[in-house]
Amino acid sequence: MTASLRPQRLLPRLSSATSRTTSGTRPSFLDQTPGTCLICQFRPQSTIRVPRVHHLQQTRRFASTSSSPNATTTDNNGTIQNIPDITNHYTIFPKTLPAGPPPSSPFHISVSDLRREFLQLQGTIHPDKYPPGPSKQQAEALSARINEAYRTLSDPLARAQYLLREMHDIDVTAEDGAAHHALDPETLMEVMEVQETIEEVGAEPGAESTIAELKKQNETRVVECVEKLANAFDAGDLESARQECVRLRFWYNIAQGLKEWEPGLTEIRLVH
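Residues numbered from 1 in each chain as written. Predicted model: local features only at pLDDT ≥ 70, side-chain atom pairs only at ≥ 80, totals over all residues. Heavy atoms only, no water.

1. Observations concerning the overall build of the protein chain
(1) Moving on: Helix and strand content of the protein chain: eight helices and two strands.
(2) Moving on: Secondary structure elements in the protein chain, listed N-terminal to C-terminal, are α-β-β-α-α-α-α-α-α-α.
(3) Moving on: Taking as baseline every contact in the protein chain between residues at least 6 positions apart, the subset at least 24 positions apart corresponds to 73%. (Helix = DSSP H or I, 4+ residues; strand = E, 2+ residues; numbered from the N terminus. Contact = heavy atoms within 4.5 Å.)

Here it is as structure tokens:
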């Protein structure tokens, strides 16, 4: 098929996939089994939730925290005292992210440091440490909140989407995102070219080597896109950050399509 015919055949398919997206949906390969914490994946999740407090309503600095997480105790009523500051995802991890979100601190995060602090927090808040009752219910809710923050901040795309949505009221995952956050024509053409190559390779001889090469190329795109995204956030350039976030969502979806590829596959769908 010539390049001139590719957009006509592929764009409707891409558009139809776009229209089915629901708000807040992440690429499937980012999904993880839900649970109260990553240490204890099979615990039932509590229905009690710790309410979030919008960052604009806070007068405290992002680096503030109510107390050291290692000093968590319970009062006479069984309520956990000295809980982590849950103002936003960044305040939950004051050791790793003392300055708060970009541009006060770099977009890039030391995932190893984040995981270390996450494990320390979960070791203190873990519901198994508390007897049945209010303290255990509160611990389950806090553990789920910490778990959510860790999962979000440890992935560049999820982190970028969170920053745009929660800190700047820009939701690139919204149901009407295709209209308000359209992909630029050049990147759209590149995405469609890759999509068509994946579909055309089918069960041809050498298909697996072709897919392996496409994976390497896409990994390079992801790395480059994340770096541009980080530079935009660090500079406070929200429009560039939004554009790179939209691109990164597509490259993540291409990665998922390549991961799910099997010999003979004739169609992949990109969900944005």
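Text resumes after the structure shown.
2. Considering the packing of helix α7 (residues 207-234) against helix α8 (residues 238-259)
(1) Moving on: Look at α7 against α8: their axes get within 9 Å of each other, and the N-to-C directions meet at 160 degrees. Between α7 and α8, the angle falls in the class roughly antiparallel. Classified by chirality, the crossing of α8 by α7 is left-handed. Along its contact with α7, which presents I211, L214, K215, N218, R221, V222, C225, V226, K228, L229, A232 and F233, the element α8 presents S240, A241, E244, C245, R247, L248, W251, Y252, I254, A255, L258 and K259. (Axes fitted to C-alpha atoms, helices over the stretch in contact; angles between N-to-C directions. Parallel < 35°, antiparallel > 145°, perpendicular 65-115°, else oblique. Left-handed = near helix turned anticlockwise from the far one by under 90°.)

3. Notes on the confidence of the model for the protein chain
(1) Moving on: The share of residues in the protein chain with pLDDT of 70 or more is 67%, and the mean pLDDT across the chain is 76.
(2) Moving on: A low-confidence stretch, residues 1-36 stays under pLDDT 50, and its non-local contacts, those more than four residues away or across chains, total 80 contacts.
(3) Moving on: Contacts for the low-pLDDT stretch residues 41-70, under 50 throughout, to residues beyond four places or in other chains number 65 contacts. (pLDDT = per-residue confidence, 0-100.)

4. So, the environment of Y130
(1) Moving on: Mapped onto the elements, Y130 comes out in the loop between α2 (111-125) and α3 (134-153).
(2) Moving on: Separated by 50 residues in the primary sequence, Y130 and I80 place their C-alpha atoms 9.5 Å from one another.

5. A short note on unusual backbone geometry
(1) Moving on: That bond from P102 to P103 is cis: its omega, 5 degrees, falls within 30 degrees of zero.
(2) Moving on: Structurally, the position occupied by P103 is in the loop between β2 (80-81) and α2.
(3) Moving on: Even without being a glycine, D169 presents a positive backbone phi close to 60 degrees.
(4) Moving on: Here D169 lies in the loop between α4 (156-168) and α5 (177-180).

6. As for the packing of aromatic side chains
(1) Moving on: The full count for this structure, using the stated rule, is two aromatic pairs.
(2) Moving on: Where F107 meets F233, the ring centres are 5.2 Å apart and the plane angle is 5 degrees; that geometry is what we call stacked. Here F107, found in the loop between β2 and α2, pairs with F233, found in helix α7; they are 126 residues apart in sequence, far enough to count as distant.
(3) Moving on: Look at F107 and you get buried, because its relative accessible area is 0%.
(4) Moving on: Ring plane angle 15 degrees and centroid distance 4.2 Å describe the contact between F118 and Y150, whose orientation is recorded as stacked. Linking F118 in helix α2 with Y150 in helix α3, this pair joins segments that are 32 residues apart in sequence. (Phe/Tyr/Trp six-rings, centres within 6.5 Å; stacked < 30°, edge-to-face > 60°. Buried < 20%, exposed > 50% of the residue type's maximum accessible area, 1.4 Å probe, protein only.)

7. Side note on the nonpolar core
Within soluble globular proteins, side chains that are nonpolar tend to cluster in buried spots.
(1) Moving on: If you look at the biggest cluster of nonpolar residues, it comprises 54 residues, and the most contacted ones within it are F93, L229, F233 and L248.
(2) Moving on: Looking at this core, the elements that each hand over two or more residues are α2, α3, α4, α6 (185-201), α7 and α8. (Core = buried A, V, L, I, M, F, W, Y, C linked by side-chain atoms within 4.5 Å.)

8. Points about α7
(1) Moving on: Relative to the 40 Å expected for 28 residues at 1.5 Å per residue, α7 spans 41 Å between its end C-alpha atoms, a close match to the ideal helical length.
(2) Moving on: Within the span of α7, buried status applies to A207, I211, L214, N218, R221, V222, C225, V226, L229, A230, A232 and F233.
(3) Moving on: Considering only its buried residues, α7 is in contact with α4, α6 and α8.
(4) Moving on: One or two steps after α7, the chain reaches G236, where phi turns positive at roughly 75 degrees. (Expected span 1.5 Å × (residues − 1).)

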